[in-house]
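Residue-level structural notes
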Amino acid sequence: MTWLVVHSKPREEDKAARNLCDQGFETFAPRIRERKRGASGWRVVTGPLFPRYIFINVALGEQSTASIRNTPGVCSLVRFGQQLAPVPDTVVGYLQTQQNPELGARSAEAWPQQPGDRVQILEGPFAGLNAVFEAARGDERAALLLDLLGRQNRIVVRRDALSEAV
């Protein structure tokens, strides 16, 4: 058995996986649960870890891969030139162990930013400025290093006032 990668149509990873399972293939579509900022504030969403990609376990030589291409939700199999791109069992095994069975997904860290990440401040007196994420301060605030007047200054802002730096 060899793990291969299927390139799915946009937002049709689940549809492709279901249809491939119906054909007798073993599939794995890793998911992640994370906080995302939307127009109405922060919310927790579960989505694909690798958007538009799923793994499929195929017995090459025994199972035909021809039907995979014509499966609803599938674009193609990932290839390098004319050769199918196999994925080591250890990689897929590791991803499978990271999935939380209760969530059906891997939970992202509570804070999307890590120390040293560049962030943009979205609101308040420093809105529009970029800073360096230093540390979380409780659940709702973040300590940042902001270059201001030729030196780095530590400021604390609300967590929902941050986004990735542009």
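Residues numbered from 1 in each chain as written. Predicted model: local features only at pLDDT ≥ 70, side-chain atom pairs only at ≥ 80, totals over all residues. Heavy atoms only, no water.

**Some words on the overall build of the chain**
If you tally the helices and strands in the chain, you get three helices and 14 strands. For a compact globule of 166 residues, the expected C-alpha radius of gyration is about 15 Å, and the chain comes in at 21 Å, more than 25% above that figure. If one aligns the C-alpha atoms of the chain with their principal axes, the spans along those axes are about 65 × 35 × 30 Å. Counting over 166 residues, the chain shows a buried share of 33%. Considering only contacts within the chain whose residues lie at least 6 apart along the sequence, 59% involve residues at least 24 apart. (Helix = DSSP H or I, 4+ residues; strand = E, 2+ residues; numbered from the N terminus. Rg over C-alpha atoms; globule rule 2.2 N^0.38 Å. Buried < 20%, exposed > 50% of the residue type's maximum accessible area, 1.4 Å probe, protein only. Contact = heavy atoms within 4.5 Å.)

**A look at the sheet that holds strand S12 (residues 141-148)**
The strand order across the open sheet formed by five strands is S13-S12-S11-S10-S14, and the pairing between neighbours is antiparallel. The sheet is open, and its two edges are formed by strand S13 (151-158) and strand S14 (162-164), each paired on a single side. With direction set aside, neighbouring strand axes in the sheet form an average angle of 45°. Judged from the eight bridges that link them, S12 and S13 form a sheet pairing that is antiparallel. (Pairing = 2+ DSSP bridges. Axes fitted to C-alpha atoms, helices over the stretch in contact; angles between N-to-C directions.)

**Comments concerning unusual backbone geometry**
In most cases, non-glycine residues show a negative phi, while peptide bonds are predominantly trans. A positive phi angle is found at arginine 11, which is not glycine, with a value near 60°. Although it is not a glycine, arginine 52 adopts a positive phi angle of roughly 75°. Given a relative accessible area of 27%, arginine 52 falls into the partly exposed group.

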